[in-house]
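# Chains, contacts and geometry: an overview
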Amino acid sequence: MIVHDGYENLEGIKNAVVTIGTFDGIHLGHQEIISRIIELAKSVDGETALVTFWPHPRYVLNQNQDNLKLLTTFDEKAEILSQLGLDHIVRVNFTKEFSQWTSEQFIQRIIISALHTKRLVIGYDHRFGKDRKGGFEHLKEHSGRYGFEVEEISKQTIDDVGISSTKIRNAIEEGKVELAHDFLGRFYEINGEVVSGDKIGKTLGFATANIQVEEPYKLVPADGAYAVIAEIKGKQHQAMLNIGYRPTVDGVSKKIEANIFDFNENIYGEKIKINFIKRLRDEIKFDSKEELSNQLQKDKEKATQILNQNLRNHSK
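The text that follows walks through the structure, step by step, so that each part is easy to find.

Reading the values: rules and limits
Residues numbered from 1 in each chain as written. Predicted model: local features only at pLDDT ≥ 70, side-chain atom pairs only at ≥ 80, totals over all residues. Heavy atoms only, no water. Pairing = 2+ DSSP bridges. Helix = DSSP H or I, 4+ residues; strand = E, 2+ residues; numbered from the N terminus. Salt bridge = Lys/Arg side-chain N within 4 Å of Asp/Glu carboxyl O. Contact = heavy atoms within 4.5 Å. Axes fitted to C-alpha atoms, helices over the stretch in contact; angles between N-to-C directions. Parallel < 35°, antiparallel > 145°, perpendicular 65-115°, else oblique. Left-handed = near helix turned anticlockwise from the far one by under 90°. Nonpolar A, V, L, I, M, F, W, Y, C, P; charged D, E, K, R; others polar.

### Examining the pairing of strand β4 (residues 88-93)
- Bridging between strand β1 (residues 2-5) and β4 involves four bridges; their strand directions are parallel. What sits directly across from Ile2, in β4, is His88.
- Of the strand pairs in this sheet, strand β3 (residues 48-54) and β4 are connected by six bridges, and their pairing is parallel. Bridge pairing links Ala49 to His88 in β4.

Have a look at this one:
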């Protein structure tokens, strides 16, 4: 897959079959659209392209959007789309000036002049252009003049999936990572770097990798303990992870810490991916470090059981 920064110098996209949107999370509804454009591209010996916007339009257009968290960073989104079989991402820099483009300008400059689109597929509720005036009815009415065919993914198809990025955000904010998995069709993930910590976990018999998520807009699940799969250097490892303030230890700074089972490598500075399998419990303040250590042992046993069951389910 090729990522194009901007639309100005596009070339070589053969018989482009295109869709448009932010596609945060690449949930099952988004995957319906991607699947359809791949199917259409095969029928016309073409290539698929997603026109998406970065940064997220709500960060540019709305004030006080610090609380808006995204399900996917751009790199995560690109990786998932590549795995789904998309050929091209066209990343349009979303600015206040760009937001003033009319739907006609958007169509003429990007869909026609830049991409030479043969087929355009959009979700039933997708709107674009200034004041969101562009949509399927306009495209259908003028498709002859524009020179490309347009198709809408039906309301029924999307509603049968019954999900939205907002529903998924709500689930993750509540720690319901299994529900998020059902909406996404995959485990929710965070990516970060392993950084030096205070080594308190090691004194409890549970050494941890402290994870720094670089993008402040990335949605991190609710505080608590989780059974997770940690991926380092392309290898997957069973682990448990805690998100929170560690009230038994200090209760001051929020941490994301993974205890990777049967693992004793130096991974400071390495990239790490965490796939959330199931929430184990809330974060709890214990009366002593000994009580905390005993609970961590119970968490490990429970997490191991969950992760082994997950492994069996996915090997069938």
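After that view of the structure, there is still more to cover.
### As for the pattern of salt bridges
- For the structure on display, the rule yields 15 salt bridges.
- The partner of Asp299 in a salt bridge is Arg281, with the nearest N and O atoms 2.7 Å apart. Of the two residues, Asp299 is situated in helix α11 (residues 289-315) and Arg281 in strand β12 (residues 271-281); the sequence distance between them amounts to 18 residues.
- Via salt bridges that share partners, Arg36, Glu39 and Glu151 belong to a single interconnected network.

### Describing unusual backbone geometry
- With an omega of 0 degrees, the peptide bond between Trp54 and Pro55 qualifies as cis.
- For Pro55, the position within the fold is in the loop between β3 and α2 (57-61).
- Located in the positive-phi region is Ile26, a residue other than glycine, with phi close to 45 degrees.
- Topologically, Ile26 is positioned in the loop between β2 (17-20) and α1 (28-43).

### Notes on the environment of Phe74
- Mapping Phe74 onto the fold places it in helix α3 (residues 74-84).
- Between the alpha carbons of Phe74 and Phe53 there is a distance of 9.7 Å; along the sequence they are 21 residues apart.
- Among residues more than four places away in sequence, those in contact with Phe74 are Val3, Thr52, Trp54, Ile89, Arg91 and Tyr217.

### What to know about the sheet that holds strand β7 (residues 188-195)
- With antiparallel pairing, the six strands of this closed barrel are ordered in space as β7-β8-β11-β10-β9-β12. Here the strands of the sheet are splayed against their neighbours by 45 degrees on average, with no regard to which way each runs.
- For strand β8 (residues 209-212) and strand β11 (residues 255-260), the ladder comprises two bridges, and the chain directions are antiparallel. By the bridge assignment, Asn210 is partnered in β11 with Glu257.

### Some words on the packing of helix α5 (residues 103-114) against helix α6 (residues 136-146)
- α6 packs onto α5 with a crossing angle of 50 degrees between their chain directions and a minimal axis gap of 13 Å. As far as their axial angle goes, α6 and α5 are oblique. Handedness of the crossing formed by α5 with α6: right-handed. Residues Glu104, Ile107, Gln108 and Ile112 of α5 touch α6, and the partners they reach there are His138, Leu139, Arg145 and Tyr146.
- The residue makeup of the contact of α5 with α6, split by class, is four nonpolar, two polar and two charged.

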